[in-house]
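# A look at the structure
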Amino acid sequence: MGPPMDTETLSIFVDAYKSGNLTTAANHFYLTQSTVSKRIAALEREIGTRLLERGKGMPQATPTPAGVAFYEIAERILTLHTQALRL
């Protein structure tokens, strides 16, 4: 198992979910598409389910039903993180 879930990986997932494109998310975070794909794959391993359907070498990312549900959770975690930092 890789490193535990972190806010940057959650932000990457949210960006990929919203844009539907791993390359777009990679550009927003100054990462390569393969790095973004690896980070999302590690998140999926940690959660234990596929969040985004993506083809090998393809930048498109379509959320799975679990990905749709997890998106809402990721948004809440990121909001709570931001609120905690403002204390």
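A brief structural summary. Note that the structure is a prediction, hence the values are computed from the model and not measured.

### A closer look at a nonpolar patch on the surface
On the surface, Met5, Ile47, Ile73 and Ile77 cluster together into a nonpolar patch covering about 270 Å² of accessible area. Judged by its relative accessible area of 32%, methionine 5 falls in the partly exposed class.

### Looking at helix H4 (residues 65-85)
Helix length check: H4, at 21 residues, gives a terminal C-alpha distance of 31 Å against a target of 30 Å (1.5 Å per residue), a fit within 8%. Gly67, Phe70, Tyr71, Ala74 and Leu78 are the residues of H4 that are buried.

### Describing the packing of aromatic side chains
Counting across every chain of the model gives three aromatic pairs. Geometrically, the ring pair formed by tyrosine 17 and tyrosine 71 is stacked, given 4.0 Å between the ring centres and 10° between the ring planes. Taken together, the residues span a long stretch of sequence, with tyrosine 17 in helix H1 (residues 7-19) and tyrosine 71 in helix H4 at a distance of 54 residues. Both residues of the pair, tyrosine 17 and tyrosine 71, count as buried.

### So, the packing of H1 against H4
Relative orientation of the contacting elements H1 and H4 amounts to 130°, with a least axis distance of 10 Å. What the angle tells us is that H1 and H4 run oblique. In this structure, H1 crosses over H4, and the sense of that crossing is left-handed. The residues of H4 that touch H1, namely those facing Thr7, Leu10, Ser11, Phe13, Val14, Tyr17 and Lys18, are Gly67, Val68, Phe70, Tyr71, Ala74, Glu75, Ile77, Leu78 and His81. Class assignment for the residues of the contact of H1 with H4 results in ten nonpolar, four polar and two charged.

### Concerning the pattern of salt bridges
This model, assessed by the stated rule, comprises six salt bridges. Glutamate 8 serves as the salt-bridge partner of arginine 39, at 3.0 Å between the closest nitrogen and oxygen. Here arginine 39 is found in helix H3 (residues 33-47), whereas its partner glutamate 8 is found in helix H1, with 31 residues between them in sequence. Overall, the relative accessible area of 22% leaves arginine 39 in the partly exposed class.

### Here we look at the side chain of asparagine 21
Assignment of secondary structure puts asparagine 21 in the loop between H1 and helix H2 (22-28). Among the residues examined, asparagine 21 registers a relative accessible area of 18% and is labelled buried. A polar side-chain atom of asparagine 21 sits 3.0 Å from the main-chain amide nitrogen of threonine 24. Ignoring sequence-local partners within four residues, the contact set of asparagine 21 consists of Ala16, Pro59, Gln60 and Ala61.

Each value, and the rule that gives it
- Residues numbered from 1 in each chain as written.
- Predicted model: local features only at pLDDT ≥ 70, side-chain atom pairs only at ≥ 80, totals over all residues.
- Heavy atoms only, no water.
- Patch = residues over 30% accessible without salt bridge, like charges linked within 9 Å, V, L, I, M, F, W, Y side chains within 5 Å.
- Areas by Shrake-Rupley, 256 points an atom, 1.4 Å probe, with all protein chains shown as cover.
- Salt bridge = Lys/Arg side-chain N within 4 Å of Asp/Glu carboxyl O.
- Buried < 20%, exposed > 50% of the residue type's maximum accessible area, 1.4 Å probe, protein only.
- Helix = DSSP H or I, 4+ residues; strand = E, 2+ residues; numbered from the N terminus.
- Expected span 1.5 Å × (residues − 1).
- Phe/Tyr/Trp six-rings, centres within 6.5 Å; stacked < 30°, edge-to-face > 60°.
- Axes fitted to C-alpha atoms, helices over the stretch in contact; angles between N-to-C directions.
- Parallel < 35°, antiparallel > 145°, perpendicular 65-115°, else oblique.
- Left-handed = near helix turned anticlockwise from the far one by under 90°.
- Contact = heavy atoms within 4.5 Å.
- Nonpolar A, V, L, I, M, F, W, Y, C, P; charged D, E, K, R; others polar.
- Polar contact = N/O pair within 3.5 Å; in protein donor to acceptor, adjacent residues only side chain to side chain.

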